[in-house]
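Reading the structure
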Amino acid sequence: MTEPASYAPATIAVSAGRPPRSPDGPMNPPIVMASTYHAGGEVGYGRYGNPTWEMLESAVSALEGGVATSFASGMAAVTAVIDLVPVGGVVVASPAAYYGTLAMLVRLEETGRLRVRRVELTDRDATTEALQGADLCWVETPTNPMLRRVDLDDLGTRTAQAGVMLVVDNTFATPILQRPLQSGADVVVHSATKYLSGHSDLLLGVAVAADADIAERLVGHRSTQGAVPGTIEAWLALRGLRTLQLRVERAQANAAELARRLGRHEAVAQVHYPDLGAMVSVVLHGDAAAADRVTGSTELWVHATSLGGVESSLERRRRWPGENTEVPETLLRLSVGIEDVEDLWADLEAALEHVGG
Ligand SMILES: Cc1ncc(COP(=O)(O)O)c(C=O)c1O
């Protein structure tokens, strides 16, 4: 594991991934648009590397304390990491994870590529049993969309004892709030589409490995499978990363306040807020139609999927046919942004009037 840089995360986010200082050298990395390079160097071709990706990767490496490889999307990063599992190997995963990841595991299971043991990773005894003889453990914390927390230090100890590779999808918490490599994770994955870039204007993924060997295998996967990031996307993600700390702090403060107020609202049956990050889930009274009336009547909150942008958005998760059926029909997942909290509350409160019809 690379030692984290001695600067605090806010400083790393601003200062890492910049070109070397030289008189009249640019302060920001150039956007290098090239499919090929003059022969004789280490990169050679655009699928094997790009100086703009490298700048983003060095910043994320410093933030997470590992070695980062960027990909075309979060799912491309997930795919590369799952490909570390040997053929016929066993993946331990919670049913409370991003459903795209779960759907991919199902497909790979159906084709005989690997086997999946599904276990609630908040259950320590069941987890210990499931880890026996497994190859990789996949965890998201807070979980999606119930926002439960998994004790990463404890899971890191258990996976190490069992000789199982631990992978943490850190998309929801970000390295500002949680650094899983320090808890013993072997790889951290991000949908950088979300908080890392922060403006809902690109798709990008990153996998950060604790050691150089794993990182090399991830680069090898990217080079051969070809899910490379767009250069402009990588540049924009780095630009977004500069304000990560400010965005996360503000969004988290808004989320905590809204969770408190929602907990007292008569239309709300339950609030799930883990005191970590800016995602809040609320279970409304009434039925799916009532919840749909709420998402259909906000003016400021955007009715959309995804998360982690500067703008606040919300959606009823069960509108997606692939969502876990244990998720209540009236659960709304809120991605709280950085707007003024009173404006957010006024809009939400007005929309909640529609629960009653
Ligand atoms: C937690 C999590 N991981 C991975 C992904 C996949 O990322 P992408 O959409 O960038 O491919 C998502 C997307 O919503 C996500 O929420």
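Residues numbered from 1 in each chain as written. Predicted model: local features only at pLDDT ≥ 70, side-chain atom pairs only at ≥ 80, totals over all residues. Heavy atoms only, no water.

A look at the packing of aromatic side chains
Quick note on the threshold: Two rings belonging to Phe, Tyr or Trp (six-membered ring only in the last case) form a pair when the distance between their centres is within 6.5 Å. Interplanar angles under 30 degrees mark stacking, angles over 60 mark edge-to-face geometry, and anything in between is tilted. Burial here depends on accessible area, computed with a 1.4 Å probe over protein chains only, as a share of the maximum for the residue type. Under 20% is buried, over 50% is exposed, and the range in between is partly exposed. A run of H or I in DSSP becomes a helix once it reaches four residues, and a run of E becomes a strand once it reaches two; helices and strands are each numbered from the N terminus.
Throughout the structure, instances matching the rule amount to three aromatic pairs. When the centroid spacing of 5.9 Å and the interplanar angle of 70° are considered together, the rings of Tyr45 and Tyr48 count as edge-to-face. Given the relative accessible area of 42%, Tyr48 is considered partly exposed. With 6.3 Å between their ring centres and 45° between their planes, Tyr99 and Trp320 make a pair best called tilted. Taken together, the residues span a long stretch of sequence, with Tyr99 in helix H4 (residues 99-110) and Trp320 in the loop between strand S11 (313-316) and strand S12 (331-335) at a distance of 221 residues. On the basis of relative accessibility, which here comes to 27%, the residue Trp320 falls in the partly exposed class.

Here's the deal with the packing of helix H5 (residues 124-131) against helix H6 (residues 152-162)
Going by this rule: Axes here refer to lines fitted to C-alpha atoms; in helices the fit is confined to the stretch in contact. Angles between the N-to-C directions go from 0 to 180 degrees. For classification purposes, an angle smaller than 35 degrees is called roughly parallel, one larger than 145 roughly antiparallel, one from 65 to 115 roughly perpendicular, and anything else oblique. Helix crossings are classified by the rotation of the near helix relative to the far one: an anticlockwise turn of less than a right angle makes the crossing left-handed, while a clockwise turn makes it right-handed. In this description, contact between two residues means that some pair of their heavy atoms is separated by no more than 4.5 Å. Gly is put with the polar residues, along with every residue not named as nonpolar or charged; the nonpolar set is Ala, Val, Leu, Ile, Met, Phe, Trp, Tyr, Cys and Pro, and the charged set is Asp, Glu, Lys and Arg.
Look at H5 against H6: their axes get within 10 Å of each other, and the N-to-C directions meet at 25°. In this view, H5 runs roughly parallel relative to H6, as classed from their interaxial angle. Crossing handedness for the pair H5 and H6: right-handed. Listed contacts from H6 to Arg124, Thr127, Thr128 and Leu131 of H5 are Asp154, Leu155, Arg158, Thr159 and Ala162. Per-class residue counts for the contact of H5 with H6 are three nonpolar, three polar and three charged.

Here's the deal with a nonpolar patch on the surface
To be explicit about the condition: Residues form patches when they are more than 30% accessible in relative terms and have no salt bridge. Like charges link within 9 Å. Nonpolar side chains (Val, Leu, Ile, Met, Phe, Trp, Tyr) link within 5 Å. Per-residue accessibility takes into account occlusion by the displayed protein chains alone, with areas from the Shrake-Rupley method and a 1.4 Å probe. The salt bridge definition used is simple: a Lys or Arg side-chain nitrogen within 4 Å of an Asp or Glu carboxyl oxygen.
A grouping of Ile31, Met33 and Ile232 is seen on the molecular surface, where their side chains present a nonpolar patch of about 290 Å² in accessible area. Among the structural elements, Ile232 can be located in helix H9 (residues 231-241). We classify Ile232 as partly exposed; its relative accessible area is 43%.

Examining helix H3 (residues 74-82)
Taken across its nine residues, H3 has seven buried, putting it largely inside the fold. Considered for burial, the residues of H3 that qualify are Gly74, Ala76, Ala77, Val78, Ala80, Val81 and Ile82.

Considerations on the pattern of salt bridges
Applying the stated rule across the entire model yields 15 salt bridges. Residue Glu315 pairs with Arg317 through a salt bridge whose shortest N-O separation is 2.6 Å. A relative accessible area of 1% places Glu315 in the buried class.

Some points on the pairing of strand S1 (residues 67-71)
Let me state the cut-off plainly: Strands qualify as paired when DSSP identifies two bridges or more between them.
Most of S1 sits out of view: four of its five residues are buried. Relative to strand S7 (residues 205-209), S1 runs antiparallel, the two being bridged by five bridges. Counterpart to Phe71 in the pairing with S7 is Gly205.

Structural notes on the site of the ligand
Stated formally: Working definition: residue near molecule or strand if any one of its non-hydrogen atoms lies within 4 Å of it. Definition of a polar contact: a pair of N or O atoms within 3.5 Å, with one able to donate and the other able to accept a hydrogen when the atoms are protein atoms, and with sequence-neighbouring residues admitted only if both atoms are side-chain atoms.
Lining the immediate environment of the ligand, one finds 13 residues, of which Met75, Asp169, Ser191, Thr193 and Lys194 sit closest. Residue Gly74 places a main-chain N or O atom 2.9 Å away from an oxygen atom belonging to the ligand. One of the side-chain N or O atoms of Ser191 is found 2.8 Å from an oxygen atom in the ligand. Expressed as a share of its isolated accessible area of 390 Å², the protein-covered part of the ligand is 91%. Split by residue class, the shell around the ligand holds five nonpolar, five polar and three charged.

Section: the side chain of Gln178
Locating Gln178 in the fold gives a position in the loop between helix H7 (174-177) and strand S6 (187-191). Judged by relative accessible area, Gln178 falls into the buried class, the value being 12%. Each residue touching Gln178, except ones within four places of it in the same chain, is listed here: Glu64, Thr141, Leu152, Asn170, Ala173 and Leu276.

This is a description of form; function is not addressed.
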